[in-house]
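Understanding the architecture of this molecule
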Amino acid sequence: GNHTLLSDFVLSGLSSHPELQHLLFFTIFLVYSMTLFGNLLICMVTVHPTLHMPMYFFLRVLSFLDISTASVVVPKMLLNLLAEDRSISYTGCVTQLYCVVFLAATEWYLLAAMAYDRYVAVCSPLRYAAIMNTRVCLSLVLLCCCSGNVVSVLQTAWVFTLSFCGPRRINYFFCDIPPLLMLSCADTSLYEKQLISATVLVILTPFCLILLSYACIISSILKISSAESRHKTFSTCSSHLTVVTLYCASGTLIYLQPKSGNSQDTKKILALIYTTVIPTLNPLIYSLRNKEVKEVLIRVM
């Protein structure tokens, strides 16, 4: 048919109710400010000489990824809550999708690497320094970034080879794969199968590796004679697993069924969790509950 090629898209935003726009703006602005402050604090504190350990190196990278993820999505979302014009250019949409997928995939692989680091620290403490040396840590982060880049390039290129014949309104607050598939006038069944495979590779496989690592960690913890030490380690593991499970659940519910009958508002909430809420929780869960980090933070302040 005679289809008009789109030069831009319009993001509908979080809510269609005008009376909620200002409340949403201030709430999300507050959460975004907390994300920036908490993660920047972790980035600064973990460079302290007393925290030159692989765990804190990974935490610093995680904080940088969280800042980047929130900054790719939230500023445009805040602007759209107040502006009349909610359009985003075709190039801007491509760039935003690439960045979101790259950062999310890289973070998943990094979480798996962090779980492996904790496994080595707990299960092989005497060999920890030799196994997790500087070269290994840098190689793991580089591998995570390269893998995330490959996933993002393939996903973004595949999505934008589809024909978008209108309407140009995206019922979402940023450019993501499921709402873009809804705008395509081509048959997307093959792409949906490919997306399910990518979701298993990027989300479920690292999640299973994380669970396996923590299962080994918990097995080692049970051998600790001190009840206080067991309780402390269990508390840390449960906090980590809670955030990872929340992240996994929100991601899989969105991407495993991209064109499901689930409410689009529900998908918006799930997407808000992994792009805005979890980057705020990570500094609290992974770092600010850590005794060594708190001691350095107090000393620096």
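How each quantity is defined
Residues numbered from 1 in each chain as written. Predicted model: local features only at pLDDT ≥ 70, side-chain atom pairs only at ≥ 80, totals over all residues. Heavy atoms only, no water. Helix = DSSP H or I, 4+ residues; strand = E, 2+ residues; numbered from the N terminus. Buried < 20%, exposed > 50% of the residue type's maximum accessible area, 1.4 Å probe, protein only. Contact = heavy atoms within 4.5 Å. Polar contact = N/O pair within 3.5 Å; in protein donor to acceptor, adjacent residues only side chain to side chain. Disulfide = S-S within 2.5 Å. Phe/Tyr/Trp six-rings, centres within 6.5 Å; stacked < 30°, edge-to-face > 60°. Expected span 1.5 Å × (residues − 1). Pairing = 2+ DSSP bridges. Axes fitted to C-alpha atoms, helices over the stretch in contact; angles between N-to-C directions. Core = buried A, V, L, I, M, F, W, Y, C linked by side-chain atoms within 4.5 Å. UniProt positions renumbered as here; feature names shortened; annotations may be inferred. 1 Å grid on protein atoms, 1.4 Å probe; cavity = no way out; pocket = protein on both sides within 12 Å on 5 of 7 lines; lining within 4 Å. Points joined across faces, edges and corners; volume = space filled by probe spheres on them. Nonpolar A, V, L, I, M, F, W, Y, C, P; charged D, E, K, R; others polar.

Our focus in this paragraph is the environment of serine 63. Counting through the fold element by element, serine 63 comes out in helix H2 (residues 54-82). What makes serine 63 buried here is its relative accessible area of 4%. Sequence separation between serine 63 and isoleucine 42 is 21 residues, and the spatial gap between their C-alpha atoms is 6.9 Å. When sequence neighbours within four positions are dropped, the list of residues in contact with serine 63 reads Asn39, Ile42 and Cys43. Among the polar contacts listed, one links the side chain of serine 63 to the side chain of asparagine 39, at a separation of 3.3 Å.

Turning to the state of the cysteines, a few remarks are in order. Taken as a whole, this structure holds one disulfide when the rule is applied. Here cysteine 99 stays free of any disulfide, with the sulfur of cysteine 175 as its closest cysteine sulfur at 11 Å. Residue class for cysteine 99 comes out partly exposed when judged on its relative accessible area of 23%. Left without a disulfide partner, cysteine 137 is nearest to the cysteine sulfur of cysteine 144, which lies 11 Å away. Using a relative accessible area of 5% as the deciding quantity, one classes cysteine 137 as buried.

With that settled, consider the packing of aromatic side chains. Evaluation of the coordinates by the stated rule reveals 14 aromatic pairs. An aromatic cluster is defined as three or more aromatic residues linked by ring pairs; in this entry it consists of Trp108, Tyr247, Tyr255 and Tyr274.

This brings us to helix H5 (residues 134-159). End to end, H5 covers 38 Å across 26 residues, agreeing with the expected 38 Å (1.5 Å per residue, within 8%). Where H5 begins, one side-chain oxygen reaches toward the backbone nitrogen of arginine 135, 3.1 Å away; that side chain belongs to asparagine 133.

In this section: the sheet that holds strand E2 (residues 87-89). Taken in spatial order, the three strands line up as E2-E1-E3 in an open sheet, and their pairing is mixed. The strands lining the two open edges of the sheet, one partner per strand, are E2 and strand E3 (169-170). Relative to E2, strand E1 (residues 8-11) is paired through three bridges, and the arrangement is antiparallel. Residue pairing for E2: valine 10 is matched across the bridge by serine 87. Docked against the sheet, helix H3 (residues 90-123) engages E1, E2 and E3, running at close to 85° with respect to E2.

Let us look at the nonpolar core. Counting residues in each nonpolar core, the largest one holds 87 residues, and the members touching the most others are Phe9, Trp108, Leu110, Ile170, Ile177, Leu180 and Ile210. No other element matches the 18 residues that H3 contributes to this core.

Turning next to the UniProt feature "transmembrane region" (unreviewed entry) in the protein. The UniProt record marks residues 20-45, 57-75, 95-116, 136-160, 196-222, 234-257 and 269-288 with the feature "transmembrane region" (unreviewed entry), using the residue numbering of this structure. The span residues 57-75 shows a helical share of 100% and a strand share of 0%, and its end C-alpha atoms are spaced 27 Å apart. The distance from the first to the last C-alpha atom of residues 136-160 is 36 Å, and the span holds 96% helix and 0% strand.

Taken as a whole, the second largest pocket encloses approximately 400 Å³ of empty space. Only helix H1 (21-45) and helix H9 (264-288) provide two or more residues apiece to the lining of the second largest pocket. Element by element, the count of residues in the lining of the second largest pocket is highest for H9, at six residues. When its residues are assigned to classes, the lining of the second largest pocket shows eight nonpolar, nine polar and four charged.

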